Amino acid sequence: MIDFNIDKDKCIQCGECAADCPAGIIAMDEFPAMTDEGRCYRCQHCYTVCPTGAVSILGLTPEGSEPAKDLPSPAQMTDLIKWRRSVRRYRDENVPAALIDELVNTTCHAPSGVNAQGVVFTVVRDKAFMDQLRRETLDRLGALADAGRLPEGIVSQYLGFAVKAWRTAGKDAIFRGAPHMLLTSTPPGVPCAVQDAHIALTTFELLASSHGLGTLWDGMFMMALAICPQLRETLRIPADHAIGYAMLFGRPDVQYHRPVKRGPATVNILE
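In this report, the structure presented in the accompanying data block is examined. (Residues numbered from 1 in each chain as written. Predicted model: local features only at pLDDT ≥ 70, side-chain atom pairs only at ≥ 80, totals over all residues. Heavy atoms only, no water.)

1. A short note on the pattern of salt bridges
The full count for this structure, using the stated rule, is nine salt bridges. A salt bridge links Arg84 to Glu205; the nearest nitrogen and oxygen atoms lie 3.1 Å apart. Here Arg84, found in the loop between α3 (74-83) and α4 (97-107), pairs with Glu205, found in helix α7 (residues 193-210); they are 121 residues apart in sequence, far enough to count as distant. Note on accessibility: Arg84 and Glu205 belong to one class, buried. As a salt-bridge pair, Arg167 and Asp146 come within 3.0 Å of each other at their nearest N and O atoms. A residue pair is termed long-range when its members are at least 10 positions apart, and Arg167 in helix α6 (residues 154-169) and Asp146 in helix α5 (residues 127-146) qualify at 21 residues. For Asp146, a relative accessible area of 57% puts it in the exposed group. (Salt bridge = Lys/Arg side-chain N within 4 Å of Asp/Glu carboxyl O. Helix = DSSP H or I, 4+ residues; strand = E, 2+ residues; numbered from the N terminus. Buried < 20%, exposed > 50% of the residue type's maximum accessible area, 1.4 Å probe, protein only.)

Structure below.
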């Protein structure tokens, strides 16, 4: 139920809600009215754009909204992006569960195609579970390597190295000793599944960086997950879900003293 309501005492009939509706289903007569609830994206644009707080929808009322806050400055956002690093050295400690929950619940505000909001976040919140996952992953990969069943090419090269490093030096080349992992997946029917899953993790990465956490897009684990389907069961990911990507995170055990120098961007300019 959309529950679209207009407070006629507050409405100034400016038409902003109708003009900003991406589905084009709000019409202006004397007051705004929704013409087809079945096509509503649930994006809440009408609710947020109303200057007088006359619009209520989905059980949300302007009186219950958060107060206005200052946004990061352009300089702060530039620094956050430039100083972000791929972290491969982590402290052996848990990030507080409350902070992890806050990060994920904020990340769900990331944009998604048609506002589907279909991304499912699988979160390893305790380093003890990560230790179990690490051992299971490397044991399964080791068994495949011993049987000569690692896929040829770059997968065999990288995962074969990981098994050797683990067995000879106890080095974790897949999870890098990270205490936590966030993995995105999407159920069937999500219109932009790949894009949504990656946008969500990019949002999480920048948000985590702003809290002083390190992150790493874990391509090695994605390789392992592709050839060890039993790991999906360990992570309790539904069989019909499409996997997005995996990201490690935790308190960094390294400090970077300056940003890298990249660019200039490769740009195709049209004028």
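2. A word on the sheet that holds strand β7 (residues 214-217)
Across the sheet, four strands lie side by side as β5-β6-β8-β7; this open sheet has antiparallel pairing. At either end of the open sheet lies a strand with only one pairing partner, and these are β5 (120-124) and β7. When strand polarity is set aside, the average angle formed by the axes of neighbouring strands in this sheet is 25°. As paired elements, β7 and strand β8 (residues 242-250) share four bridges and run antiparallel to each other. (Pairing = 2+ DSSP bridges. Axes fitted to C-alpha atoms, helices over the stretch in contact; angles between N-to-C directions.)

3. Things to note about the packing of aromatic side chains
Tallied over the entire structure, the rule returns three aromatic pairs. When the centroid spacing of 5.1 Å and the interplanar angle of 70° are considered together, the rings of Phe204 and Phe249 count as edge-to-face. On the criterion of sequence distance, the pair formed by Phe204 in helix α7 and Phe249 in strand β8 is long-range, its members being 45 residues apart. (Phe/Tyr/Trp six-rings, centres within 6.5 Å; stacked < 30°, edge-to-face > 60°.)

4. Brief notes about empty space enclosed by the protein
Under the definition given, this model contains two cavities of 30 Å³ or more. Volume-wise, the largest cavity comes out at about 90 Å³. What lines the largest cavity is a set of 13 residues, among which Cys21, Pro22, Cys40, Tyr41 and Cys43 lie closest to the centre. Of the residues belonging to the lining of the largest cavity, the class tally is 11 nonpolar, two polar and no charged. (1 Å grid on protein atoms, 1.4 Å probe; cavity = no way out; pocket = protein on both sides within 12 Å on 5 of 7 lines; lining within 4 Å. Points joined across faces, edges and corners; volume = space filled by probe spheres on them. Nonpolar A, V, L, I, M, F, W, Y, C, P; charged D, E, K, R; others polar.)

5. Observations concerning the layout of surface pockets
Computed from the structure, the largest pocket encloses a volume of approximately 760 Å³. Lining the largest pocket are 21 residues, with Gln44, Tyr47, Thr48, Glu66 and His109 sitting closest to its centre. Taken together, the residues of the lining of the largest pocket break down into eight nonpolar, 10 polar and three charged.

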